[in-house]
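# Reading the structure
As a plain string of letters, each chain reads:
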Amino acid sequence: MNRRVAIVCALLLTVVLPARAFDFGIRLSNGDSLFFNFTNVKSHRVMVVSPQSVGTDYYYGHQQPTGTLVIPSEVEYRGEKYVVTAIGARAFSGCTLVRQVVMPETVEAIGAYAFYGCTSLRGPLVIGANVMSIGESAFYGCSSLSEVYFRARECTFMGGSMSMTVFGNCRSLRSVLLDGGVRRIPDYAFCGVDALKEAVVLPEMLQYIGDYAFAYCSSMYGDLVIPDKVESIGECAFHQCHSLNSITIGESVKHIGERAFYHCIGLNHITVKPFKPAEITLTSFSDIPKGTKLRVPCVSKKLYEHNPSWKKVATMETYGSCLFSVNAAMEDEEAGEIVGNGNYGYGENVTLMVVCAANYGFDGWSDGNRENPRRFVVTDNLAVMAKTRPSGTITIIDTLYRVDTVYSEGYKVIHDTVDLVEVSQSINDVKELTFDTKEKWVKWNFPRKEKVINVSLYNQTGMCVYTGDGRKGSVDMKRLPSGTYFVRIETVQRVIRCRFFMNSDRTWIGID
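Just so you know, the residues in each chain are numbered from 1, in the order the chain's sequence is written. For a predicted model such as this one, the threshold for reporting local features is a pLDDT of at least 70, and the threshold for listing and counting side-chain atom pairs is 80 or more; totals across whole chains, interfaces and linings nevertheless cover every residue. Heavy atoms from the whole structure form the basis of all side-chain values; hydrogens and water molecules are not counted.

## Some words on the packing of aromatic side chains
Whether two aromatic rings pair depends on their centres lying within 6.5 Å, for rings of Phe, Tyr and Trp, where Trp uses its six-membered ring; planes under 30 degrees apart make the pair stacked, over 60 edge-to-face, and the rest tilted. If you walk through the whole model with that rule in mind, you get 24 aromatic pairs. Here the aromatic rings of Phe24 and Tyr82 are separated by 6.3 Å at their centres, their planes lie at 45°, and the arrangement is tilted. Here Tyr82 lies in strand β6 (residues 80-87) and Phe24 lies in strand β1 (residues 24-27), a separation of 58 residues in the sequence. By relative accessible area, which is 3% here, Phe24 ends up buried. Working definition: helices are DSSP H or I runs of at least four residues, strands are E runs of at least two. Numbering for both runs from the N terminus. Burial here depends on accessible area, computed with a 1.4 Å probe over protein chains only, as a share of the maximum for the residue type. Under 20% is buried, over 50% is exposed, and the range in between is partly exposed.

## With respect to the sheet that holds strand β18 (residues 244-249)
If you trace the 5 strands from one edge of the open sheet to the other, you get β16-β18-β20-β21-β22, paired in parallel fashion. The strands lining the two open edges of the sheet, one partner per strand, are β16 (222-225) and β22 (315-319). Here the average twist between neighbouring strands, direction ignored, is 20°. The sheet contact formed by strand β21 (residues 293-297) and β22 spans 5 bridges and is parallel. Counterpart to Pro297 in the pairing with β22 is Tyr319. Strand pairing follows a simple DSSP-based rule, namely that at least 2 bridges must link the two strands. Only the stretch in contact is used when a helix axis is fitted, and all axes are lines through C-alpha atoms; the angle between N-to-C directions ranges over 0 to 180 degrees.

## Remarks on the pairing of strand β29 (residues 382-390)
Sheet analysis places strand β23 (residues 324-330) next to β29, joined by 5 bridges and oriented parallel. What sits directly across from Met330, in β29, is Ala386. Where strand β27 (residues 360-365) and β29 come together, 4 bridges link them in antiparallel fashion. Counted as the bridge partner of Trp365 is Ala386 from β29.

## Brief notes about the pattern of salt bridges
Any carboxyl oxygen of Asp or Glu within 4 Å of a side-chain nitrogen of Lys or Arg constitutes a salt bridge here. On inspection of all chains with the given rule, the structure shows 14 salt bridges. The salt bridge partner of Asp363 is Arg370, with a shortest N-O separation of 3.5 Å. Ionic pairing is found between Arg374 and Asp367, a salt bridge with its closest N-O pair at 2.8 Å. Looking at Arg374, the relative accessible area reads 9%, which means it is buried. Take Asp367: its relative accessible area is 42%, and that puts it in the partly exposed class. Three or more residues joined by partner-sharing salt bridges are found here, namely Glu235, Glu258 and Arg259.

## Topic: the state of the cysteines
Throughout, a disulfide means two cysteine sulfur atoms within 2.5 Å of one another. Going through the model one piece at a time under the given rule, you end up with 1 disulfide. What pairs with Cys298 in a disulfide is Cys322, and their sulfur atoms sit 1.7 Å apart. Across the disulfide from Cys298 to Cys322, rotation about the S-S bond amounts to roughly 75°, and the bridge is consequently right-handed. Here the residue Cys298 occupies a position in the loop between β21 and α2 (301-305), and Cys322 occupies one in the loop between β22 and β23, the gap between them amounting to 24 residues. Of all cysteine sulfurs in the structure, the one in Cys142 sits closest to Cys170, which takes part in no disulfide; the separation is 5.1 Å. According to the relative accessible area criterion, Cys170 is buried, its value standing at 2%. Left without a disulfide partner, Cys236 is nearest to the cysteine sulfur of Cys191, which lies 9.0 Å away.

## Focus on unusual backbone geometry
Cis rather than trans, the peptide bond between Gly123 and Pro124 has omega equal to 5°. Here the amide bond leading from Asn372 into Pro373 is cis, since omega sits at 5°, within 30 degrees of zero. Phi is positive for Ser137, which is not a glycine, with a value near 55°. Mapped onto the secondary structure, Ser137 falls in the loop between β10 (133-134) and β11 (147-150). Backbone geometry at Arg259 places phi at a positive 55°, although glycine is not the residue there. Structurally, Arg259 can be placed in the loop between β19 (255-256) and β20 (269-272).

## Some details on the environment of Ser163
Checked against the element boundaries, Ser163 lands in the loop between β12 (157-158) and β13 (175-178). In the structure, Ser163 is positioned 27 residues away from Glu136 in sequence and 8.9 Å away in space, judged by C-alpha atoms.

## Thoughts on the pairing of β13
Side chains Val176 and Leu178 of β13 all project onto a buried face; the interleaved residues Ser175 and Leu177 project onto a face where none is buried. Of the strand pairs in this sheet, β11 and β13 are connected by 4 bridges, and their pairing is parallel. Bridging across to β13, Phe150 finds its partner in Leu178.

## Brief notes about the nonpolar core
The nonpolar side chains of soluble globular proteins are, as a tendency, buried together. Buried residues of nine kinds, namely Ala, Val, Leu, Ile, Met, Phe, Trp, Tyr and Cys, make up a nonpolar core once their side-chain atoms join them within 4.5 Å. With 90 residues, the main nonpolar core has Phe139 and Phe167 as its most contacted residues. If you look at the next biggest cluster of nonpolar residues, it comprises 20 residues, including Val326, Met330, Val350 and Leu352.

## Remarks on the sheet that holds β23
Strand order in the open sheet formed by 4 strands is β25-β23-β29-β27, and the pairing between neighbours is mixed. Here the strands that pair on one side only, and so sit at the sheet edges, are β25 (342-344) and β27. Within the sheet, the average angular offset between the axes of one strand and its neighbour, ignoring direction, is 30°.

## A word on a negative patch on the surface
Patch membership requires more than 30% relative accessible area and the absence of a salt bridge. Residues of like charge join within 9 Å; the nonpolar side chains Val, Leu, Ile, Met, Phe, Trp and Tyr join within 5 Å. Values of accessible area rely on a 1.4 Å probe in the Shrake-Rupley scheme; residue burial ignores everything except the protein chains shown. Asp and Glu count as negative and Lys and Arg as positive, but His and the ends of the chain are not part of the count. The atom standing in for a charge is NZ when the residue is Lys, CZ when it is Arg, CG when it is Asp and CD when it is Glu. Together, Glu331, Asp332, Glu333 and Glu334 make up a region of like negative charge exposed at the surface. If you trace the backbone, Glu334 turns up in the loop between β23 and β24 (336-339).

## Observations concerning the side chain of Ser456
Within the secondary structure, Ser456 is located in strand β34 (residues 452-458). Classification of Ser456 by relative accessible area gives buried; the value is 1%. At 3.0 Å, the side chain of Ser456 and the side chain of Asn454 are in polar contact. Pairs of residues are marked as contacts when any of their non-hydrogen atoms sit within 4.5 Å. Once residues lying within four places of it in the same chain are set aside, the contact partners of Ser456 are Cys464, Tyr466, Thr467, Phe486, Val487 and Arg488. N or O atoms within 3.5 Å of each other form a polar contact, as long as, within protein, one can give a hydrogen and the other can take it, and as long as residues adjacent in sequence are counted only when both atoms are side-chain atoms.

Here it is as structure tokens:
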């Protein structure tokens, strides 16, 4: 044999002989062999791989797994234990004798073509809660697979294109069950599963539905409910789901992609729950039956009618109450009462006011708002609690956190807001301050040498309701509502802080 012939033979051997693809193998109790590669030696992580890396017969020279394939969560090699965290690309591709696969919860990734062409795999197939990615065509051509139980909570990648979908050509896959903890359905997740029958029940925790997630599931029938936590429905998410009867859009949906429900020709009703219309395009619901009814909340009908995209979706109907509920309650029923509760139409002006009982002060609303009275325009239902505290524990501190300077009648006037903290003195404890109960005035009188620089009056939320240089010697309180008030007087010698209270019967009293 000359040198040239020897080189050609060597090249042929290189092409024909399969290349080893594993770092070590183990034998299972049923006699099957599994093969592994190290993915991180320090953290003792491995993934399942096929015994060969090239060719179409990845089990060349090795017996294929048969029957029920149980992948362990942990394996031992040379006295060290390793956690199985992934199923590698083509790990079981073409294993036509596998009827069921049991994967451990430790698996985080399933590689491309991992179970490609496993024609005897029946299921139920369980995708574990910790799986973050599933490669293209991972279960493509598993023609006997009938049921998938999808538990992956935060899976971010499945497949990647129309021709490389994870469950492509799974012509017996009639049922997909989604676990209650699932928060994401990735792009192309169940695209093209045209044997899927009943509409999938989407879990309450779901927040995101990806592009083409259920596109071309043409046999999926029934009523589809998008849960209330979902904010986005991707492009072509339910594209050509011909057999869907009705759709309910959850209250948090803000965006519906192009052709999301295109050519859903079996639709009778679309019910939308968001008060503000979600962002859609002219194609999001295009090519649906002319008789389809669009049901919108009565309180927001005008918003949908004036939206250029929504008004073209279908004939519009309304449901539910046409009024919003404003329901404010006292956290402590003995601390006072609230004025302003009721039912209001969209855009109406509402004023909620807490009228505190004697010796109580307003301490904010349960949603963080600090205004009293609280004025707002109705755009949604409101349910809040008014918090109070004994007024004897409220005071005003010196530090101002907002100061705005304005000019009134030629004088410089400071409008400021202060924080309220504990411990204070009553107005009765300051001899220079008095009430005029007849005129409803607060008056002060200091010696001439102790010149008053500034006088400010605050309500129980810490908001300044009066400020001046002190030369008037009094503050008119007639128009102010009942509640706890605070006086801050700054002289050339000191700063005086004290409080007083106005009863709901409009009688002014001091607080001990």
